[in-house]
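One-letter residues, chain by chain:
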Amino acid sequence: MAVVLRLARAGAKKMPYYHVVATDSRSPRDGKFLEQVGSYDPNHSPAKVQFNEERLAYWIKSGAVPSETVADLIKTAKKQAPATTA
């Protein structure tokens with residue numbers, strides 16, 4: 001089974017909201033998924049992106065391939081993350 005990280009659409013008409021899910025590559029876009037690892041809300045300015053970093057790292061380490069859009073969102077989330085200085 002090839003696992004991919006991709007977006008599953010939710011929300012109302014003209015007001016999309018997306019869940020970032022780990023799913024079998026053969027599943028439909030909004031179909032059954034293995035686990036939800038994040039969310040993306042493009043209705044905010046700037047767009048709101050959240051990930052469960054631990055589970056995201058687990059799936060990538062396990063061989064899950066992120067879609068182009070999810071890969072871009074991961075990069076965006078890393079840039080937005082506040083830098084912690086100790």
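Residues numbered from 1 in each chain as written. Predicted model: local features only at pLDDT ≥ 70, side-chain atom pairs only at ≥ 80, totals over all residues. Heavy atoms only, no water.

## With respect to helix α2 (residues 68–80)
To keep things clear, this is the line we draw: Strands here mean DSSP runs of E at least two residues long; helices mean DSSP runs of H or I at least four residues long; both are numbered from the N terminus. What a helix should span is 1.5 Å times the count of its residues minus one. Only protein chains enter the accessibility calculation, which uses a 1.4 Å probe. A residue is then buried if its area is under 20% of the maximum for its type, exposed if over 50%, and partly exposed in between. Regarding the arc, it is the one traced by the directions from the helix axis to the C-beta atoms. We call two residues in contact when some of their heavy atoms are within 4.5 Å.
Helix length check: α2 (13 residues) gives 19 Å between terminal C-alpha atoms against 18 Å at 1.5 Å per residue, within 8%. The complete set of buried residues in α2 reads Val70, Leu73, Ile74 and Ala77. Seen along its axis, α2 keeps its buried residues to an arc of 105°; they face one direction. Turned more than 90 degrees away from the buried face of α2, the exposed residues are Glu68, Lys75 and Lys79. For α2, the secondary structure elements touched by its buried residues are β1 (3–12), β2 (15–24), β3 (35–41), β4 (48–51), α1 (53–61) and β5 (65–66).

## Section: unusual backbone geometry
Of the consecutive residues Ser45 and Pro46, the connecting peptide bond is found in the cis state with omega at -5°. By the secondary structure assignment, Pro46 is in the loop between β3 and β4.

## Description of the pairing of β4
Selection rule: DSSP-based pairing: two strands are paired if at least 2 bridges between them are found.
Only one face of β4 is buried, namely the one carrying Val49 and Phe51, since none of Lys48 and Gln50 on the opposite face is buried. Note that β3 and β4 share 4 bridges and pair antiparallel. Across the sheet, residue Ser39 finds its bridge partner in β4, namely Gln50. Joining the antiparallel neighbours β3 and β4 is a turn of 6 residues.

## Digging into the packing of aromatic side chains
Note the threshold: Under the pairing criterion, centres of Phe, Tyr and Trp rings, with the six-membered ring standing for Trp, must be within 6.5 Å; the plane angle then separates stacked pairs below 30 degrees from edge-to-face pairs above 60, leaving the rest tilted. Both a distance and an angle decide whether a charge sits over a ring: NZ of Lys or CZ of Arg must be within 6 Å of the ring centre and within 35 degrees of the ring normal.
Taken as a whole and assessed by the stated rule, the structure comprises 2 aromatic pairs. Ring plane angle 25° and centroid distance 5.9 Å describe the contact between Tyr18 and Tyr40, whose orientation is recorded as stacked. Highlighted residues: Tyr18 in strand β2 and Tyr40 in strand β3, separated in sequence by 22 residues. With 5.2 Å between their ring centres and 75° between their planes, Tyr58 and Trp59 make a pair best called edge-to-face. Note on Trp59: relative accessible area 12%, which makes it buried. Across the ring face of Tyr58, the terminal group of Arg55 is positioned such that the distance to the ring centre comes to 4.4 Å.

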